[in-house]
Structures are given as structure tokens and as C-alpha cells.
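Given next are the chains, with one letter for each unit.
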Amino acid sequence: LSPDEDGICSGRYFSESGLVGLLEQAAELFSTGGLYETVNEVYKIVIPILEAHRDFRKLTLTHSKLQKAFDSIINKKRMFGTYFRVGFYGSKFGDLDEQEFVYKEPAITKLPEISHRLEGFYGQCFGEEAVEVIKDSAPVDKTKLDPNKAYIQITFVEPYFDEYEMKDRVTYFEKNFNICRFMYTTPFTMDGRPRGELSEQYKRNTILTTMHAFPYIKTRINVIQREEVILTPIEVAIEDMRKKTQELTAATNQEPPDAKMLQMVLQGSVGATVNQGPLEVAQVFLAKIPADPKLYRHHNKLRLCFKEFIMR
């Protein structure tokens, strides 16, 4: 439907040729944006219309564009973006006070880059001395903040998926398309220090849900829900061992094989110079069988993680 001058939709429908033209424009924009998989979805609508009209010239052109899109999927290395959680604190922000957003930034954007940009932008609004960036990702205590200042907390976040979702999100594109949940981690110890010994290192996983899914027409979307999961020291060790195992698996299965990457992963996993590596994890958590039955389940999980790790 097309809007009239007064903004009310009239009963005019796009003609089929007009629809095909719009879809072809959309496909070109998706291709320019590197979203080649969506080009295929758009042409799934276009091709039956062209076939019904027996427009073989356009069909030839359409299939050549599809071939180009599929070649790009196979041969091009893509980075779809980097995500940051940005929280605003202070009465100077007005309605933005205590609001959280997830920002989508161009690929390989570093934390100092977005920090510098936002600090500069809001520094122009409120004055450079009135704006302060909170450096850590710990929960903000507003009672400790200066009421005359505007505070911005910026944290790198990654797309988050439940285990069942990963069955359908196999490719790099699928893991970066239609995403609305993000996670960041905050290490802490019970005595207030951010980091400590393995046996006292806890971790807080914060999962954020945005109002809309990325990619979106805006590069900043409101956070509408947050949940926190606290990991005990042995659970932190299990998570770390699983990550090391996944890195080893990816390095050994890489096509074509990359010896340098494998060497780097091995050095990071089993190198003698690495502090708090797998050997120390085993000595701290697996030296004795825990007396508490609740901890034995985690003890067994960690043991299985080491079995998988050694196999890899």
C-alpha cells in the first residue's frame, strides 16, 4: 500500500513489476551490506514472478547475481560488527538516566574508540569536565556518584545464545543475524577485589535483551531485560576449560590447516609460562574429591572437561 498525501493508506497496490523492482533494490542493498544470505531469500520471492511472466532475460540476470552472492559467502571473510553495552547515569542525562543501550559499531571497533567518541559528544553537550567514563563493568552504585556529573559506562558485549539455539546457528552469518541477546562477564571475589586466586575467583555473567534484533534500522537499541548468573570458582574453571577445548577443536579442524594458529592456541592452553593454566586448575580443584555431594557434580564435570581437553 502507498500512503496518500495526508498519510492515510490508499487502496493502490504495487504492480508486480514495481514489486520486483523494489525487491531487486533491496537485494542490491543487502549485497552491499555483505548480507549475502538474505539476497537469496529476497530472490526466492522474485524468481516465481519472473517465471510466471517468462521473463528469461531477467531470470538470467537474477541467477547471475545469486551466483555472485553465493561465491561471496564462500570466498569473502566478513565481520558484521562489534557490540557494546552503554549505560547512562546522572540527572544531566534527563530521560536517559539509568537507561542501558546496546550499540552496534563497525567491525573491529575498539573500546577506547567508542569511549572517546561518546565522551567527546556528551562533553560538547554538558562540558568536558562534567562527563566521566566508568572504566569497569561492575554494577554502578549511584550513591557514590557526583550528582553534578554525567557518567557513561561502556562494556564490550558478545551475542548470547542458549545451547538449543546453537543447533540452528551454525554459520558465522547465523551467529550475527537476528540477535537480541548479549552477554558480558564481570570477575569478582567475595572480599571485593576483581581478581584473586583460582579457588576464590567468582564470575558474574550478565545477559541483556534488547527491544529489537540486530541488524536494525538504528545502531542503538534499548535494553528491556537483564538477568545475572553468578558462577562459583569451580564453575568458572569449567567454563574456561570448555573455551580452551573449543579453541583447540577449531584450530585443529581449520581448513586449510594453519600451523601458526595451532601453535598460538597450544601455547595459550598448555604452555608452562601461562599462569593459572590447566595444570593449576587440576591441582586446585581435582586434587581431592569434595566431601560435599553438591560440589561433586561440578567436580565430575570438570574431570570430563579435562578428558575432552586431553583428547583434543
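Residues numbered from 1 in each chain as written. Predicted model: local features only at pLDDT ≥ 70, side-chain atom pairs only at ≥ 80, totals over all residues. Heavy atoms only, no water.

Under the convention used in this document: UniProt positions are given in the numbering used here, feature names are shortened, and annotations may be inferred rather than shown by experiment.
For the protein chain, the name recorded in an unreviewed UniProt entry is DOCK8 protein, with Hypocryptadius cinnamomeus as its organism. Here is the UniProt Sequence similarities (unreviewed entry) comment for the protein chain, exactly as written: "Belongs to the DOCK family."

1. Comments concerning the domain arrangement of the protein chain
Where we set the bar: In this entry, domain limits derive from an automatic or database-based domain assignment.
According to the domain assignment, the protein chain contains domain 1 (16–75), domain 2 (82–231) and domain 3 (234–311). The straight-line distance from the C-alpha centre of domain 1 to that of domain 3 is 46 Å.

2. Considering the nonpolar core
Put simply, the rule is: Only buried Ala, Val, Leu, Ile, Met, Phe, Trp, Tyr and Cys residues count toward a nonpolar core, and they belong to the same one when joined by side-chain atoms within 4.5 Å. Partly exposed describes any residue whose relative accessible area lies between the buried limit of under 20% and the exposed limit of over 50%, with all areas from a 1.4 Å probe on protein chains only and scaled to the type maximum. Here, two residues are considered to be in contact whenever any of their heavy atoms come within 4.5 Å of each other.
Judged by nonpolar contacts, the single largest core of 15 residues is most densely connected at Val86, Phe88, Tyr103, Leu118, Tyr122, Ile152 and Ile154. Setting aside residues up to four positions removed in sequence, tyrosine 122 forms contacts with Phe88, Phe93, Leu96, Tyr103, Gly127, Val131, Ile152 and Arg220.

3. Points about the environment of aspartate 191
Using the following cut-off: Elements are defined by DSSP. Helices are runs of H or I of four residues or more, strands are runs of E of two residues or more, and each kind is numbered from the N terminus. Side-chain atoms alone can form a polar contact between residues adjacent in sequence; in general such a contact is a pair of N or O atoms within 3.5 Å, and within protein one must be able to donate a hydrogen while the other accepts it.
Its location among the elements puts aspartate 191 in the loop between strand E5 (179–188) and strand E6 (202–214). When its relative accessible area of 52% is taken as the criterion, aspartate 191 is described as exposed. Within the structure, aspartate 191 has its side chain in polar contact with the side chain of threonine 189 (distance 2.5 Å). A polar side-chain atom of aspartate 191 sits 3.1 Å from a polar atom in the side chain of arginine 193.

4. Considering helix H4 (residues 111–126)
To keep things clear, this is the line we draw: Expected helix span is computed as 1.5 Å times (number of residues minus one). When we speak of the arc, we mean the arc of directions from the helix axis to the C-beta atoms.
The end-to-end C-alpha distance of H4 is 22 Å, a good match for the 22 Å that 16 residues give at a rise of 1.5 Å each. Within the span of H4, buried status applies to Ile114, Ser115, Leu118, Tyr122 and Gly123. Along the long axis of H4, the arc covered by the buried residues comes to 160°, so they all point the same way. In H4, those exposed residues whose orientation departs by more than 90 degrees from the buried face are Pro112, His116 and Gln124. Buried positions along H4 lie against strand E1 (82–89), strand E2 (100–105), strand E3 (131–134), strand E4 (150–159) and strand E7 (220–231). Positioned one or two residues after H4, glycine 127 has a phi angle of 100°, which is positive.

5. Examining unusual backbone geometry
Cis geometry marks the peptide bond from phenylalanine 214 to proline 215, where omega comes out at -5°. Mapped onto the secondary structure, proline 215 falls in the loop between E6 and E7. For the peptide bond that leads from glutamate 255 to proline 256, omega is -10°, which places it in the cis range. One non-glycine residue, isoleucine 108, lies in the positive phi region at around 60°. The topology assignment puts isoleucine 108 in the loop between E2 and H4.

6. Overview of the environment of threonine 82
In this structure, threonine 82 sits in strand E1. Residue threonine 82 is classed as buried on the basis of its relative accessible area of 9%. Taking the C-alpha atoms as reference points, threonine 82 and serine 15, separated by 67 residues in sequence, lie 40 Å from one another. In this view, threonine 82 contacts Tyr103, Lys104, Glu105, Pro106, Ala107, Ile108, Thr109 and Phe156; residues no more than four positions away in its chain are not counted. Within the local environment of threonine 82, its side chain forms a polar contact with the backbone nitrogen of isoleucine 108, the two atoms lying 3.2 Å apart.

7. A short note on the packing of aromatic side chains
To keep things clear, this is the line we draw: Pairing of aromatic side chains here covers Phe, Tyr and the six-membered ring of Trp, requires ring centres within 6.5 Å, and sorts the geometry by plane angle: under 30 degrees stacked, over 60 edge-to-face, intermediate tilted.
Tallying each qualifying case throughout the model produces 15 aromatic pairs. For the pair phenylalanine 93 and tyrosine 122, a centre-to-centre distance of 5.4 Å together with 80° between the ring planes defines the contact as edge-to-face. You can see phenylalanine 93 sitting in the loop between E1 and E2 and its partner tyrosine 122 sitting in helix H4, a full 29 residues away along the chain. Note on phenylalanine 93: relative accessible area 8%, which makes it buried.

8. A few points about helix H2 (residues 36–52)
Inclusion rule: Axes are fitted to the seven residues ending at a residue and to the seven starting at it; the angle between these axes is taken as the bend at that residue.
Here H2 contains 17 residues, and its C-alpha end-to-end distance of 25 Å stays within 8% of the 24 Å for a straight helix at 1.5 Å per residue. Of all the bends in H2, the largest measures some 30° and sits at lysine 44, one to four residues before the proline proline 48. Residues of H2 that are buried include every one of Tyr36, Glu37, Thr38, Val39, Asn40, Val42, Tyr43, Val46, Ile47, Ile49 and Leu50, and no others. On its buried face, H2 sits against helix H1 (16–32) and helix H3 (56–75). Trailing H2 by a residue or two, arginine 54 shows a phi angle of about 55°, which is positive.

9. Regarding the pairing of E5
On a regular strand, one side chain projects to one face of the sheet and the next to the other, so that they alternate. Spelled out, the test is: Two strands qualify as a pair provided that DSSP identifies no fewer than 2 bridges between them.
Bridging between E4 and E5 involves two bridges; their strand directions are antiparallel. Each residue of the ladder has a partner; that of glutamate 158, found in E5, is methionine 183. Both E5 and E6 contribute to a ladder of nine bridges, which runs antiparallel. Within the sheet, the bridge partner assigned to threonine 186 lies in E6 and is arginine 204.

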